[in-house]
Every structure is written in C-alpha cells, then in structure tokens.
Amino acid sequence: MQTILANISTDSGQHNYPIHVGSNILNKPSLIFPYLAQKKVAIVTNTTVAPLYLNALIDNLKNNEINSVPIILPDGEEYKNWEILNNIFDVLLANNCERNTTIIALGGGVIGDITGFAASTYLRGVPFIQIPTTLLAQVDSSIGGKTGINHELGKNLIGSFYQPKVVLADCKTLDTLPNREFISGIAEIIKYGLIRDHVFFEWLEKNMGKILEREDKILGEAIERSCKNKVEIVAADEREQGVRAILNLGHTFGHAIENAMGYGTWLHGEAVAAGTVLAAELSERMHLIERIEVERIKSIFLQAELPISVPNLNTEQYLNLMGRDKKVKEKNIRFVLLQGIGKATICSDVPINVLIGMLDEYSTNG
Ligand code: NAD
Ligand code: GLY
C-alpha cells in the first residue's frame with residue numbers, strides 16, 4: 001500500500017488527509033478508525049456497488065463495534081439530483097445521525113459527489129470519508145473536495161468544496177468494474193500526463209497494454225502517480241482560481257459531447273478523450289504545439305481504446321452547447337490548451353474563426 005498526503009489550504013485553514021492506494025485495503029478498517037469521532041457511520045452507496053462491497057464493509061466495522069446506517073441509492077448520473085440528496089437527509093435524520101457521525105461514500109464519482117455534498121450540508125457539515133470504487137473516482141473525483149449534484153440546466157451546478165478526512169482507493173474493487181467504465185477512467189489518467197507530467201505520459205505510452213490488462217503493479221503505479229498529480233494541483237489552488245482549471249483539459253468540448261449525445265450514452269472519460277483531441281487540434285491551430293504532438297496524443301487514446309472523434313455533431317451544435325453562438329463575438333470561451341505534452345495553458349483569446357475552422361474540419365457538418 002502507498003499513502004499520499006494531501007496538504008490543502010482551505011478557507012478554514014490547513015486540511016491534511018491521507019490517500020491510501022492498495023489492493024484489498026477495504027478489509028483494513030484500521031485505516032478508517034482514526035478518523036471516526038463516534039462508533040456510528042452512515043454508508044452511502046448504490047444498488048450496483050452494495051451487493052459487491054457493502055456487507056464486507058459493514059461486517060468489518062461491526063467487528064470493531066462500529067454501527068453502520070446503510071443508504072442505498074439508485075444507480076446512475078440521473079440520480080445525482082436534489083430529490084435523491086433529500087432522501088439521504090431523510091435517512092440520516094430518521095436514524096438520529098449526529099454531527100459526529102461520519103458519512104462514508106462507497107462507489108464511483110456519482111456516489112462520491114452527492115455524498116460529499118450531503119456531508120458538507122447535513123447539520124452544517126459532518127465528517128466524510130471517500131471509498132472510491134471506479135478508476136475515475138480513484139484517480140480524480142475522490143480527491144480534491146469538489147462535491148455536488150446536477151441541475152436540469154447543467155452538470156454539477158450545485159455543490160461545495162468539502163475535503164474528506166481520508167480516501168481509501170482499493171484497486172481490488174476494480175476487478176468487478178465493467179471494461180468500458182475502466183477505460184473511461186484511463187482518459188483522466190492520460191490527462192495528468194498531458195497537462196503537467198511529460199515523464200508520466202511517456203511511461204503511459206510504454207505501459208498502456210499492461211494497464212488495459214489491469215496488471216496489479218502497473219495499474220497501482222498509474223493510480224498513485226495520478227493521485228500525486230491531482231493532489232499537487234489541488235494543494236496549489238483548492239477553489240479553482242487559477243491552476244486547478246487545467247484539470248478541465250478536454251472538458252469544454254467533452255461536456256458538449258456528453259450533453260449532445262445524451263448523458264450516459266457517452267461516458268465522461270470517452271467524451272473527455274474526444275474533447276482532448278479537439279483541444280490538441282485547436283492548440284496546433286494556435287501555433288502552440290506541432291502536428292507530431294497532436295498525432296502522439298491521438299495515438300495514446302487509440303492505444304487505450306478510447307474514441308478520438310465524434311460522429312453526428314456539427315460546428316453549430318458544438319458552439320451552442322459550449323454557450324457560444326457564432327454571432328456572439330464578445331463572449332470568449334476559456335479553453336485549456338497544450339503548449340507541449342506535459343504543459344497546459346489557459347487561453348481566453350482563441351479567435352472565433354480559428355475555433356470554427358477547426359470545428360468545421362473535425363466535426364460532421366452538413
Ligand atoms: P459512476 O459513479 O456512475 O460509476 C460508473 C458505474 O460503475 C456505475 O454504474 C456504478 O454503479 C458502477 N460501479 C462503481 N464501482 C463499481 C465496481 N467496483 N464494480 C462494478 N461496478 C461499479 O461514474 P464515475 O465515472 O465513477 O464518475 C462519474 C461522476 O464523477 C460524474 O458525475 C462526474 O461529474 C463526477 N466527477 C467528479 C469529479 C470531482 O472532482 N468531484 C471529477 C470527475 C468526475
Ligand atoms: N476534476 C476536476 C477538478 O477536480 O477540479
């Protein structure tokens with residue numbers, strides 16, 4: 001097991017928490033005990049993850065005299081909403097959960113986001129632990145304290161910054177993760193190489209085959225190196241006033257793709273992969289990177305079996321979905337672009353004709 005220390009400056013001071021990455025660590029409740037303020041926890045999970053991991057966690061805690069209140073939500077992005085959040089509050093209140101009751105998120109990014117938001121608001125804030133069980137959640141969403149729910153007008157529009165007490169990323173839980181979900185998580189791993197870690201990118205190029213085969217040691221190293229990158233970025237900028245925005249590489253186009261295709265049709269990582277290729281193409285047109293680098297980026301996504309283009313989405317749709325109409329010239333979109341592999345930059349002055357030229361070439365028009 002490896003432990004990475006997150007040392008993050010928050011509004012209320014310095015927040016330090018360990019991120020444990022290892023195999024079978026779900027069966028080590030001693031990693032959780034130091035962070036429990038009373039012998040009662042609430043565990044939020046969903047109907048898919050509960051049959052796989054909930055009982056083992058409850059039993060482990062029970063053997064150490066800790067009682068659990070299970071809260072099992074329906075599975076899906078569409079349930080990351082106000083109504084389901086309220087259901088969590090109903091169960092917490094019905095079971096007399098107090099300010100010292102820790103809430104544990106057991107699941108992927110959807111469970112982590114909604115549970116973190118519940119923890120940040122229930123009784124004005126109760127302790128919170130992340131046990132991420134998808135690759136995406138282990139390398140990205142469980143770290144850094146972004147919590148929230150969706151609104152019908154957009155994703156993650158209601159939320160808070162609320163850091164967990166500890167994160168337990170058990171790579172063994174990935175054994176049951178469907179391959180498409182696993183591969184979607186790889187997009188966020190590649191992202192760290194692209195935005196700030198050239199050496200990691202090269203390592204990923206060499207080891208992608210073994211990651212796809214879920215080879216324990218290599219997969220563990222990919223998760224660890226991703227977590228370290230995320231921690232360093234969040235430590236520098238918890239509230240996304242500056243550098244944290246580079247974590248959104250590919251997301252401006254990616255969110256448009258997810259939205260256009262209908263949430264759930266394209267997984268988040270799939271949309272981010274295709275979106276990152278568009279960001280790379282735009283970077284080349286802005287004379288920030290060379291063609292050879294764009295091809296290398298496409299090639300690593302292909303190696304990871306991720307999509308690099310989107311069928312059936314035209315320039316006008318992209319512009320509308322990115323909040324940008326061809327006619328509204330004064331409203332600039334902020335793009336995360338690449339100045340090289342391993343170096344991201346924020347760019348708010350992409351000329352509209354350059355953006356449209358790129359989209360005309362790489363989207364399906366007509
Ligand atoms: P998800 O939570 O929907 O999980 C994907 C699927 O895998 C679900 O069906 C889930 O039930 C299932 N699953 C989870 N663990 C499993 C396991 N071990 N075995 C078998 N099945 C398992 O999706 P995700 O990709 O983990 O997360 C996406 C969400 O994360 C989005 O809502 C996105 O907005 C959010 N997100 C948040 C942040 C952040 O910083 N807070 C960052 C990135 C993404
Ligand atoms: N996943 C984006 C962020 O944490 O800022």
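Every chain is numbered on its own, with residues counted from 1 as its sequence reads. Chain letters and ligand numbers both follow the written order, the letters beginning at A and the numbers at 1. Under the rules for a predicted model, residues below a pLDDT of 70 receive no local features and side-chain atom pairs below 80 are neither given nor counted, while totals for whole chains, interfaces and linings still include all residues. Hydrogens and water molecules were not included; the side-chain quantities draw on all heavy atoms of the structure.

1. Digging into the site of ligand 2
We call a residue near a molecule or strand when any one of its heavy atoms sits within 4 Å of it. With respect to spatial proximity, the complete set of residues near ligand 2 consists of Asp140, Lys146, Lys230, Glu240, Arg244 and Leu247. Polar contact is the term for a pair of N or O atoms within 3.5 Å; when the atoms are in protein, one must be able to donate a hydrogen and the other to accept it, and sequence-neighboring residues count only if both atoms are side-chain atoms. Between ligand 2 and the protein, one listed contact pairs an oxygen atom with a side-chain N or O atom of Lys230 at 2.6 Å. Tallied by class, the residues present in the shell around ligand 2 amount to one nonpolar, no polar and five charged. All residues other than Ala, Val, Leu, Ile, Met, Phe, Trp, Tyr, Cys, Pro, Asp, Glu, Lys and Arg, Gly among them, are scored as polar; the first ten of these are nonpolar and the last four charged.

2. Examining helix H8 (residues 251-261)
Among the residues making up H8, those that are buried are His251, Phe253, Gly254, Ala256, Ile257 and Glu258. Only heavy atoms enter the contact rule, under which two residues are in contact if any of them lie within 4.5 Å. Secondary structure counts use DSSP, requiring at least four H or I residues in a row for a helix and at least two E residues in a row for a strand, with both numbered from the N terminus. At its buried positions, H8 is contacted by strand S8 (154-161), helix H5 (179-196), helix H9 (268-285), helix H11 (315-321), strand S10 (335-340) and helix H12 (352-362). Just downstream of H8 lies Gly262, where phi reads positive at about 95 degrees. Relative accessibility decides the category of a residue: with a 1.4 Å probe and only protein chains considered, values under 20% of the type maximum give buried, values over 50% give exposed, and everything between is partly exposed.

3. Considerations on the confidence of the model for the chain
Per-chain confidence: the chain averages 94 in pLDDT, with 97% of residues scoring 70 or above. Ignoring residues within four places in sequence, the model shows residues 325-329, a span with pLDDT below 50, making nine contacts including any to other chains. The score called pLDDT rates the predictor's confidence residue by residue, from a low of 0 to a high of 100.

4. Focus: the packing of aromatic side chains
Each aromatic ring pair is described using two quantities: the centre-to-centre distance and the angle formed by the ring planes. Working definition: rings of Phe, Tyr and Trp (its six-membered ring) pair if their centres are within 6.5 Å, and the pair is stacked with planes under 30 degrees apart, edge-to-face with planes over 60 apart, and tilted otherwise. The full count for this structure, using the stated rule, is five aromatic pairs. Relative to Tyr162, the ring of Phe128 lies with its centre 6.5 Å away and its plane at 20 degrees, an arrangement referred to as stacked. Taken as a pair, Phe128 in strand S6 (residues 128-132) and Tyr162 in the loop between S8 and strand S9 (166-170) lie far apart in primary sequence, 34 residues in all. These aromatic residues form a ring-pair network of at least three members: Phe253, Tyr318 and Phe335. Counted as over-ring charges are cases with an Arg CZ or a Lys NZ within 6 Å of the ring centre that also lie within 35 degrees of the ring normal. Lys191 extends its terminal NZ or CZ atom over the ring of Tyr192, reaching a point 5.3 Å from the ring centre. Geometry around Phe182 places Arg214 over its ring, the cationic atom sitting 4.1 Å from the centre.

5. Some details on the site of ligand 1
In the vicinity of ligand 1 there are 26 residues, among which Asp75, Glu77, Thr133, Thr134 and Thr176 approach most closely. One of the backbone nitrogen or oxygen atoms of Gly109 is found 2.8 Å away from an oxygen atom of ligand 1. A distance of 2.7 Å separates a nitrogen atom of ligand 1 from a polar atom in the side chain of Thr133. Accessibility throughout is a Shrake-Rupley quantity obtained with a 1.4 Å probe, and a residue counts as covered only by protein chains that appear here. Coverage of ligand 1 by the protein chains reaches 89% of its 870 Å² of free accessible surface. Where the shell around ligand 1 is concerned, the elements lending two or more residues are helix H1 (50-62), helix H3 (109-121), helix H4 (135-141) and S8. Tallied by class, residues from the shell around ligand 1 come to seven nonpolar, 10 polar and nine charged.

6. Considering the pattern of salt bridges
By salt bridge we mean one thing: a side-chain nitrogen of Lys or Arg within 4 Å of a carboxyl oxygen of Asp or Glu. This model, assessed by the stated rule, comprises 22 salt bridges. A salt bridge links Arg196 to Glu232; the nearest nitrogen and oxygen atoms lie 3.0 Å apart. Of this pair, Arg196 sits in helix H5 while Glu232 sits in helix H7 (residues 216-236); the two residues are 36 residues apart in sequence, bridging distant segments of the chain. By relative accessible area, Arg196 is classed as partly exposed at 31%.

7. What to know about unusual backbone geometry
Unusually for a residue other than glycine, Asn24 sits at a positive phi of about 70 degrees. Of note, Asn24 is situated in the loop between strand S2 (13-22) and strand S3 (40-46). The phi angle at Arg214 is positive, at roughly 60 degrees, despite the residue not being glycine. Looking at the element boundaries, Arg214 is found in the loop between helix H6 (198-212) and H7.

8. Re the packing of helix H2 (residues 82-94) against H3
With axes taken as lines fitted to C-alpha atoms, and helix axes fitted only over the stretch in contact, angles between N-to-C directions fall between 0 and 180 degrees. Interaxial distance between H2 and H3 falls to 10 Å at its minimum, and their mutual angle equals 55 degrees. What the angle tells us is that H2 and H3 run oblique. The chirality of how H2 crosses H3 is right-handed. Facing H2, whose interface residues are Trp82, Ile84, Leu85, Ile88 and Phe89, H3 presents Ile114, Phe117, Ala118 and Thr121. Any angle that falls under 35 degrees is termed roughly parallel, while one over 145 is termed roughly antiparallel, one within 65 to 115 roughly perpendicular, and all others oblique. Less than a right angle of anticlockwise turn of the near helix away from the far helix marks a crossing as left-handed, whereas a clockwise turn marks it as right-handed.

9. Points about the nonpolar core
Residues grouped as a nonpolar core are buried Ala, Val, Leu, Ile, Met, Phe, Trp, Tyr and Cys residues, joined through side-chain atoms within 4.5 Å. The biggest cluster of nonpolar side chains holds 79 residues, and the ones touching the most others in it are Ile190, Phe253 and Leu355. With nine residues, H5 is the largest single contributor of residues to this core. Those residues in contact with Phe253 that lie beyond four places of it in its chain are Gly275, Leu278, Ala279, Leu282, Tyr318, Met322, Phe335, Leu355, Met358 and Leu359.

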